[in-house]
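# Summary of the model geometry
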Amino acid sequence: MKPLSTLVSSIPSSPTLAVNDKAKALQAAGYDVIALAGGDPDFATPPHIVEAALHAMQNGATHYPAPMIGIVPALEAIASKMERENGISIPDPRHQIIITPGGKWALYLALTAVLNPGDEVLILEPNWVSYKPMVTLAGGVPVPVSLPSGDNFHITAAQLREKITPRTKALMVNTPCNPTGRVLTQEEHDDIVAVAAEADLYVIADEIYEKLIFDGRSHRSLAAAPGMAERTLTVNGLTKSYAMTGWRLGWLVSSKAIIKLATKMNSQAVSCAAHFSMYACIAALNGPQDVIYEMRDAYQARRDFMVKALNEIDGISCRSIEGAFYLFPSFPGSSKNSLELADALLDKAQIAGTPGIAFGQSGEGHVRFAISTAQHDLERAVERLAKIAHAL
Ligand code: PMP
Ligand code: GLU
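Residues numbered from 1 in each chain as written. Chains lettered and ligands numbered in written order. Predicted model: local features only at pLDDT ≥ 70, side-chain atom pairs only at ≥ 80, totals over all residues. Heavy atoms only, no water.

## Considering the site of ligand 2
For ligand 2, the full set of nearby residues is Ser14, Thr16, Leu17, Gly38, Gly39, Lys104, Trp128, Asn178, Tyr209, Lys240, Tyr326 and Arg368. In the model, an oxygen atom of ligand 2 is placed 2.5 Å from a nitrogen or oxygen of the Thr16 side chain. Contact between ligand 2 and Asn178: an oxygen atom at 3.0 Å from a side-chain N or O atom of the residue. Protein chains shield 88% of the accessible area of ligand 2, which is 280 Å² for the free molecule. When the residues that make up the shell around ligand 2 are grouped by side-chain class, the tally is four nonpolar, five polar and three charged. (Near = heavy atom within 4 Å. Polar contact = N/O pair within 3.5 Å; in protein donor to acceptor, adjacent residues only side chain to side chain. Areas by Shrake-Rupley, 256 points an atom, 1.4 Å probe, with all protein chains shown as cover. Nonpolar A, V, L, I, M, F, W, Y, C, P; charged D, E, K, R; others polar.)

## Observations concerning the side chain of Ser372
By secondary structure assignment, the location of Ser372 is in the loop between β12 (367–370) and α14 (375–388). Take Ser372: its relative accessible area is 1%, and that puts it in the buried class. Of note is the side chain of Ser372, whose polar atom sits 3.3 Å from the backbone nitrogen of Asp40. When sequence neighbours within four positions are dropped, the list of residues in contact with Ser372 reads Gly38, Gly39, Asp40, Pro41, Asp42, Tyr299, Arg302 and Phe325. (Helix = DSSP H or I, 4+ residues; strand = E, 2+ residues; numbered from the N terminus. Buried < 20%, exposed > 50% of the residue type's maximum accessible area, 1.4 Å probe, protein only. Contact = heavy atoms within 4.5 Å.)

## Let's talk about the site of ligand 1
Of all residues adjacent to ligand 1, which total 14 residues, the nearest are Asn178, Asp206, Tyr209, Thr239 and Lys240. The side chain of Lys240 places a nitrogen or oxygen atom 2.7 Å from a nitrogen atom of ligand 1. Relative to its unbound accessible area of 390 Å², ligand 1 is 93% covered by the protein chains. No other element matches the three residues that helix α6 (residues 103–114) contributes to the shell around ligand 1. Across the shell around ligand 1, the residue classes tally to five nonpolar, five polar and four charged.

Here it is as structure tokens:
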């Protein structure tokens, strides 16, 4: 047989999904594994959203949608949300938005729309596991900007400038950040805007955790900053904040020229997002929002519980987080690397976490725990950790 794809062979599978699958398989085999691996809300999708989709399915939304990029009321619901909440002006929703099967595909479309072979993309490390492989698949070259753990992964203009070359084409930014839980400060936001302008970069702004911000902080969209609308590709979706991981509903918002290419790519690769999920999207965005703030408050309470409890355990150090639903503790005193730590946690405590190295070199020494897991399981995890931390 002739050799298979070297490009696809060169990238790893998604480690978050792999650890998640492993934890679920162990649970199914009867092991009492506490799954803190994949970020999937333990809450049910709010009933009014489910009902809207059911109603749509019963009324024929089981075929291709028209237009394929998204039914007009869904595009309009997204446009008004983005204008109202994010300060991003979308004068032409039908040509500036594409609805995608999940935020992940929106990110991939964004990269394919801007990259030429060999173009470099700056990735702030620790980064979500799929960023680098996606850049590679889209023909680009991922260039890590390692943010130091000791400085709580703070971003500076100098760190960005140091990595810029004539080939640098884009920068990927995720706020709130998976896995660090950081939310961009005003200063970091301004530094990114300044560097993007001076180096003429596209900015892929991944705002999927936008609604999961704690302690009354607020989210700032990069596309809303002066001069950024044309160069920013904003990715968002319902997955995290509305507890809708299985619905596969996300979107990309940008200039008409970029959305035109994304639409072309979409039409050849996946056609469209699920038609009835678009009705769920309308119900989610136009319906009551208190339900998502209740979930956010629950994550915040879990954060408070977990950060305190983890720091009370000798051998574990955990910073508080400003957003998203991941903790990123380190294990000072342990000589194990993050892969060994994650294995030891599974062996000794039946806790599935994601090794920090999966998020890049600057994640080494950390393990990611998703607190999108039920409080009861978080409490059991803490009890187990307290017993085995000395042996890590
Ligand atoms: N961005 C980040 C940072 C994520 O953690 C995820 C994971 N779900 C996504 C994008 C994509 O999410 P989805 O495709 O499930 O909407
Ligand atoms: N984004 C989530 C995570 O990082 C879900 C899994 C994935 O798509 O990576 O755990």
